[in-house]
Amino acid sequence: QVQLVESGGGLVQAGGSLRLSCAGSGRTYSSHTMGWFRQAPGKKREFVAGISRNGGSTVYADSVKGRFTISRDNNKNTVYLQMNSLKPEDTAVYYCAARSGLWVTGTQNEYEYWGQGTQVTVSS
């Protein structure tokens with residue numbers, strides 16, 4: 001069982017930066033592939049970024065490539081999402097998720113554990 005708690009969301013102006021954190025519990029945290037997803041008002045939840053168990057492999061949605069960076073610190077049971085050059089269209093609730101599978105994937109139903117989400121609002 002893995003429990004996830006996101007933090008770091010807030011209100012920021014366009015062009016600004018935020019860093020989201022996702023703290024995980026459980027001794028098996030480092031054996032899980034991690035992902036960040038987001039859901040904007042009136043839209044379906046979408047994949048943002050994912051990272052492998054040891055952090056050696058990362059995958060990004062095209063919409064955030066070059067602006068967002070996912071990383072993890074297994075000693076702290078935490079995964080991060082550094083978001084730079086934020087745009088109003090990045091406004092959403094951001095969720096972290098964990099899966100016990102080996103590969104990084106953007107498919108939501110392959111993730112077994114989810115956090116409660118943190119709101120990110122980017123003003124123009």
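Our subject is the structure that appears above.
Let me sum up the structure you'll find in this document.

Calculation notes
- Residue positions are given per chain, counting from 1 as you read along its sequence in written order.
- Given that the model is predicted, a residue must reach a pLDDT of at least 70 before its local features are reported, and side-chain atom pairs must reach 80 or more before they are shown or counted; all residues, however, enter totals for whole chains, interfaces and linings.
- As a convention, hydrogens and water are excluded, and side-chain values are obtained from all of the structure's heavy atoms.
- Here a strand is any run of E in DSSP of at least two residues, a helix any run of H or I of at least four, and the numbering for each starts at the N terminus.
- Only C-alpha atoms enter the radius of gyration, while the globule expectation follows 2.2 Å times N to the 0.38, with N the number of residues.
- In this scheme, a residue with accessible area under 20% of its type's maximum is buried, one over 50% is exposed, and one in between is partly exposed, where area comes from a 1.4 Å probe on protein chains only.
- Asp and Glu are treated as the negative residues and Lys and Arg as the positive ones, with His and the ends of the chain left uncounted.
- In plain terms, the charge of a residue is placed at NZ if it is Lys, CZ if Arg, CG if Asp and CD if Glu.
- The term salt bridge refers to a pairing of a side-chain nitrogen on Lys or Arg with a carboxyl oxygen on Asp or Glu at a separation within 4 Å.

**Re the overall build of the protein chain**
Inference 1: When its secondary structure is counted, the protein chain shows zero helices and 11 strands.
Inference 2: If you list the helices and strands of the protein chain from N to C, you get β-β-β-β-β-β-β-β-β-β-β.
Inference 3: A compact globule built from 124 residues should have a C-alpha radius of gyration of about 14 Å, and the protein chain, at 13 Å, falls within 12% of that.
Inference 4: For the C-alpha atoms alone, the extent of the protein chain along its principal axes is close to 40 × 25 × 25 Å.
Inference 5: When each of the 124 residues of the protein chain is scored for burial, the buried share is 46%.
Inference 6: With 13 positive and 8 negative side-chain charges, the protein chain shows a separation of 3 Å between the mean positions of the two kinds.

**Side note on the pattern of salt bridges**
Inference 1: Under the counting rule described, the total for this entry stands at five salt bridges.
Inference 2: Of the charged contacts in the structure, one is a salt bridge between Arg38 and Glu46, with a shortest N-O distance of 2.7 Å.
Inference 3: The buried category is assigned to Arg38, whose relative accessible area is 6%.
Inference 4: A salt bridge links Asp62 to Lys65; the nearest nitrogen and oxygen atoms lie 3.1 Å apart.
Inference 5: Three or more residues joined by partner-sharing salt bridges are found here, namely Arg38, Glu46, Arg67 and Asp90.

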